[in-house]
Amino acid sequence: MTTTTSRPKSKGFDLTIQLILAVIVGVALGSISLALSPFWTMAGIAGIVVVLIAIKWPELSILAVIAALCSILPEEQMPVINIGPGRLYMTELILLGLFTVIIVRWLVDRSFKLILTPLDLPLILFYIWAIGTTVIAIVNETVSPSAYIPEIRIVSYYLIFFVVTNLLREKRQVETLVNGFFFLATVVAVAMIYQYTLGTTVPFLSGRVEVLETAGNVSSEITRITDTSGEGIITLAFILKSVLLMTKSIKVQRMPTLVQWVLFGVALIMSFNRTHWAISGMIIIVTALLVRGETRQRLIKWVLIVLYLMPLAAIPLMVMPDSKAGKLVVASIDRVATLGARESYAKGSSTSTVRWRDFEYTYGFQQIQQNPALGLGLGAEYRPMVYGVDDEYFDGRGYTHNAHLWLAVKTGLVGYLLFMWLVIAFISRGFSRWHKVKDGHLRSIVLGTTLAFSGFIIAGILHPIFMTLFWSPLLGMMLGVNEVVYRIEDLT
């Protein structure tokens, strides 16, 4: 395993790369302006700008990818370039630019070494296997481009891991990336809160902006905002911020952090996603059990403060129970109560969203039995049309709510086990190293991401987290962040 510590920058590289870029810029601008349309000219200029930014501030380029895919921008409005049967997203151009920077620096700068980590092998093997099984399906003409291209895109964004591990080499870069992540999450949270005030009549966020329905009861005055592009960033941000608050000292300067945490929490509540609520609560409890010494004393102080403020916060709700805030709290309590209701898990229940999905397991397990190793390939349909589920607006023959089932059906048990090797290796390294990280802020980040991935394994049973476009870039980024912290702290 190759690791790097603080190395002097190569002056030769700086001079050489500047000359190379100067030549590339001049030739590219001249050629593009003469040979191509204004659109392609602008695309070429934008690409050059991306490369320049990627060289100086790669963390900003990574944040640009997260902002485009995992915040408030609908996928339908993503700037694209049509190539044959598919489309190349703007974010893919950014990633190609980042990988180009890695290759050029490796070839030109002798002090720049490629970083190897224990997670490289399972990720590479999983990706190769997933693409390989899909190629077989394409050759056999069992999948169509409109189906396999989106799923190839999802798994490809896990490769952002290599960009993070190879281009982020200093603590300040990690902090910029994490702070930028929290800023984007704040923007999403504010947008969700604003959407809630507008209700369902003026939906401007992508995903489902709908009237809340819980166990067959419709709450016409409550708006549920779920399956949005920002769902992943809000859940992950709330978890990370919770761990940060629970493991850091209480200071007046940290009040903005507390405000952010409240915003993330309110936005998470407005999603009315019980799985994410439960996972977040479990992680908070586990964090409380893991911390020791002064950290536990600080946590007790936080708990006392929260217990003191809760009655104060409840006063407006008691005075104005019919307000939007009051109804939101009541609806949330009612929805949480269904987690322990027996009918929520009863077979044949007309109101159970868990048992309603039983048909996915019936068809999914059949396909795994018939194609145990290779699977059907990314984008393949694993079931026929189901009455009452599929219609002219939704064709779910290739969709399943269970991320584990999705991977096993599409990439086979081999692909699924390779992916789980990646995730479990990440979690194992996190639990064995987080308490050894000397920097308090970085230590909290490592613990938070480790606990988050542990929770996502459970949440993946009910939601296709691992195979969703607004999740995979986030997961790839956070996989890489922990490895960068280990290298900075010499814990590889």
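Calculation criteria
Every chain is numbered independently, its residues counted from 1 as its sequence is written. Side-chain atom pairs in this predicted model are given and counted only at pLDDT of 80 or more, local residue features only at pLDDT of at least 70, and totals for whole chains, interfaces and linings cover all residues. Side-chain numbers here rest on the full set of heavy atoms in the structure, without hydrogens or water. Helix and strand labels come from DSSP, where a helix needs a run of H or I of at least four residues and a strand needs a run of E of at least two; each type is numbered from the N terminus. Contact criterion: two residues are considered in contact whenever any of their non-hydrogen atoms come within 4.5 Å of each other. Every accessible area reported is derived by Shrake-Rupley at a probe size of 1.4 Å, with residue values counting cover from the shown protein chains alone. The buried label applies to any residue whose accessible area, calculated with a 1.4 Å probe on protein chains only, is under 20% of its type's maximum; exposed applies above 50%, and partly exposed to all values in between. The axes are straight lines fitted to the C-alpha atoms, using for helices just the contacting stretch, and the angles between their N-to-C directions are given from 0 to 180°. Each angle receives one of four descriptions, namely roughly parallel if under 35 degrees, roughly antiparallel if over 145, roughly perpendicular if within 65 to 115, and oblique otherwise. What makes a crossing left-handed is the near helix being turned counterclockwise from the far one by less than a right angle; a clockwise turn instead makes it right-handed. Here the term charged refers only to Asp, Glu, Lys and Arg, the term nonpolar to Ala, Val, Leu, Ile, Met, Phe, Trp, Tyr, Cys and Pro, and the term polar to all other amino acids, Gly among them. By convention, a stacked pair of Phe, Tyr or Trp rings (six-membered ring in the case of Trp) has centres within 6.5 Å and planes under 30 degrees apart, an edge-to-face pair has planes over 60 apart, and any other such pair is tilted. For a ring to carry a charge above it, either NZ of a lysine or CZ of an arginine must fall within 6 Å of the ring centroid while also lying within 35 degrees of the normal to the ring plane. Between Lys or Arg on one side and Asp or Glu on the other, a salt bridge is scored when a side-chain nitrogen of the former is within 4 Å of a carboxyl oxygen of the latter. The patches described consist of residues with a relative accessible area above 30% and no salt bridge, like charges being joined within 9 Å and nonpolar side chains (Val, Leu, Ile, Met, Phe, Trp, Tyr) within 5 Å. What qualifies as a polar contact is a pair of N or O atoms within 3.5 Å, subject to a donor-acceptor requirement within protein and to the restriction that residues adjacent in sequence count only when both atoms come from side chains. Here a helix's expected span is defined as the number of its residues, less one, multiplied by 1.5 Å. Every residue gets a pLDDT, meaning the predictor's confidence in that residue, from 0 to 100.

Colleague: Give me the overall build of the protein chain: which residues, what numbers.
Modeller: Helix and strand counts for the protein chain stand at 17 helices and four strands. Taking the intrachain contacts of the protein chain between residues at least 6 apart in sequence as the baseline, contacts between residues at least 24 apart amount to 74%. As displayed, the protein chain has an accessible area near 23,600 Å², and 67% of this comes from carbon and sulfur atoms.

Colleague: Can you break down unusual backbone geometry residue by residue, with the values?
Modeller: A positive phi is found at Phe272, a non-glycine position, where the angle reads about 50 degrees. Among the structural elements, Phe272 can be located in the loop between helix 10 (255–271) and helix 11 (274–290). We classify Phe272 as buried; its relative accessible area is 0%. The backbone of Asp490 sits at a positive phi, close to 60 degrees, despite the residue not being glycine. By the secondary structure assignment, Asp490 is in the segment after helix 17 (472–488).

Colleague: Mind laying out the packing of helix 9 (residues 231–247) against helix 16 (residues 440–459), listing which residues take part and the relevant values?
Modeller: Contact geometry for helix 9 and helix 16: axes closest at 9 Å, N-to-C directions at 135 degrees. Taken together, the axes of helix 9 and helix 16 are oblique relative to one another. In this structure, helix 9 crosses over helix 16, and the sense of that crossing is right-handed. Facing helix 9, whose interface residues are Thr235, Leu236, Ile239, Leu240, Val243, Leu244 and Thr247, helix 16 presents His441, Ser444, Ile445, Leu447, Gly448, Thr449, Leu451, Ala452 and Phe456. Residues that form the contact of helix 9 with helix 16 fall into these classes: 10 nonpolar, six polar and no charged.

Colleague: Tell me about the packing of aromatic side chains, and name the residues and values.
Modeller: Using the criterion set out here, one finds 15 aromatic pairs in the structure. Each ring, one from Phe161 and one from Phe162, has its centre 5.2 Å from the other, and the planes form 80 degrees; the classification is edge-to-face. The same class applies to Phe161 and to Phe162, which are both buried. Taken together through their ring pairs, the aromatic side chains of Phe126, Tyr158, Phe419 and Phe466 make up a single cluster. The cationic tip of Arg153 hangs over the ring face of Tyr89; the distance from NZ or CZ to the ring centre is 3.7 Å. The lysine or arginine in question, Arg169, covers the ring of Phe112, its NZ or CZ lying 4.2 Å from the ring centre.

Colleague: Help me get a handle on the environment of Asp120, residues and values and all.
Modeller: Along the polypeptide, Asp120 turns up in helix 5 (residues 120–139). Here the alpha-carbon distance between Asp120 and Leu159, two residues 39 residues apart in the chain, equals 9.7 Å. For Asp120, the residues in contact, after removing those within four places along its chain, are Ile115, Phe161 and Phe162.

Colleague: Can you break down the pattern of salt bridges residue by residue, with the values?
Modeller: Scanning the entire structure with this criterion turns up 14 salt bridges. The partner of Glu59 in a salt bridge is Arg172, with the nearest N and O atoms 3.9 Å apart. In this pair, Glu59 is assigned in helix 3 (residues 58–70) and Arg172 in helix 8 (residues 171–198), connecting sequence segments 113 residues apart. Overall, Arg172 belongs to the partly exposed group, its relative accessible area being 41%. Close ionic contact of Glu175 with Lys171 constitutes a salt bridge, the shortest N to O distance being 3.7 Å. Of the two residues, Glu175 and Lys171 both sit in helix 8, four residues apart, roughly one turn of that helix. Exposure remark for Lys171: the relative accessible area of 33% places this residue in the partly exposed category.

Colleague: Before we move on, could you go through a nonpolar patch on the surface and cite the residues and values that matter?
Modeller: A surface patch of nonpolar side chains, about 420 Å² in accessible area, is lined by Ile103, Trp106, Leu107 and Leu114. Residue position: Leu107 is located in helix 4 (residues 90–108). Take Leu107: its relative accessible area is 62%, and that puts it in the exposed class.

Colleague: I'd love a proper account of the environment of Leu491, names of residues and values included.
Modeller: By the element assignment, Leu491 lies in the segment after helix 17. Among the residues examined, Leu491 registers a relative accessible area of 17% and is labelled buried. Between the alpha carbons of Leu491 and Arg433 there is a distance of 7.2 Å; along the sequence they are 58 residues apart. Ignoring anything within four residues of it in the chain, the contact list for Leu491 reads Arg433, Lys436, Val437 and Tyr486.

Colleague: Describe the environment of Arg296, and please don't skip the residues or the numbers.
Modeller: Assignment of secondary structure puts Arg296 in helix 12 (residues 293–319). You can call Arg296 partly exposed: its relative accessible area is 32%. Once residues lying within four places of it in the same chain are set aside, the contact partners of Arg296 are Ala288, Leu289 and Val291.

Colleague: Lay out the side chain of Thr411 with the relevant residues and their values.
Modeller: Along the chain, Thr411 turns up in helix 15 (residues 403–433). Polar side-chain contacts of Thr411 include one of 2.6 Å to the backbone oxygen of Leu407. Leave out the neighbours within four places in its chain, and Thr411 touches Trp129, Ala130, Thr133, Ala373, Leu374, Gly375, Leu378 and Tyr416.

Colleague: Requested: an account of helix 11, with residues and values cited.
Modeller: The end-to-end C-alpha distance of helix 11, which contains 17 residues, comes to 24 Å, matching closely the 24 Å that a straight helix rising 1.5 Å per residue would cover. Listed in full, the buried residues belonging to helix 11 are Arg274, Thr275, His276, Trp277, Ile279, Ser280, Ile283 and Thr287. Buried residues belonging to helix 11 abut strand 3 (208–214), helix 9, helix 10, helix 13 (324–337) and helix 16. Where helix 11 begins, one side-chain oxygen reaches toward the backbone nitrogen of Thr275, 3.2 Å away; that side chain belongs to Asn273.

Colleague: Tell me about helix 17, and please be specific about residues and values.
Modeller: For helix 17, built from 17 residues, the straight-helix expectation of 24 Å at 1.5 Å per residue is met to within 8% by its first-to-last C-alpha distance of 25 Å. Buried residues dominate helix 17, accounting for 16 of its 17 residues.

Colleague: How would you sum up the confidence of the model for the protein chain? Please name residues and give values.
Modeller: When pLDDT drops low, the exact placement of atoms in the prediction is not to be read closely. Scored by pLDDT, the protein chain has a mean of 84; 82% of the residues are at 70 or more. Across residues 1–13 the pLDDT falls below 50, and counting only partners more than four positions away or on other chains, this stretch makes 20 contacts in the model.

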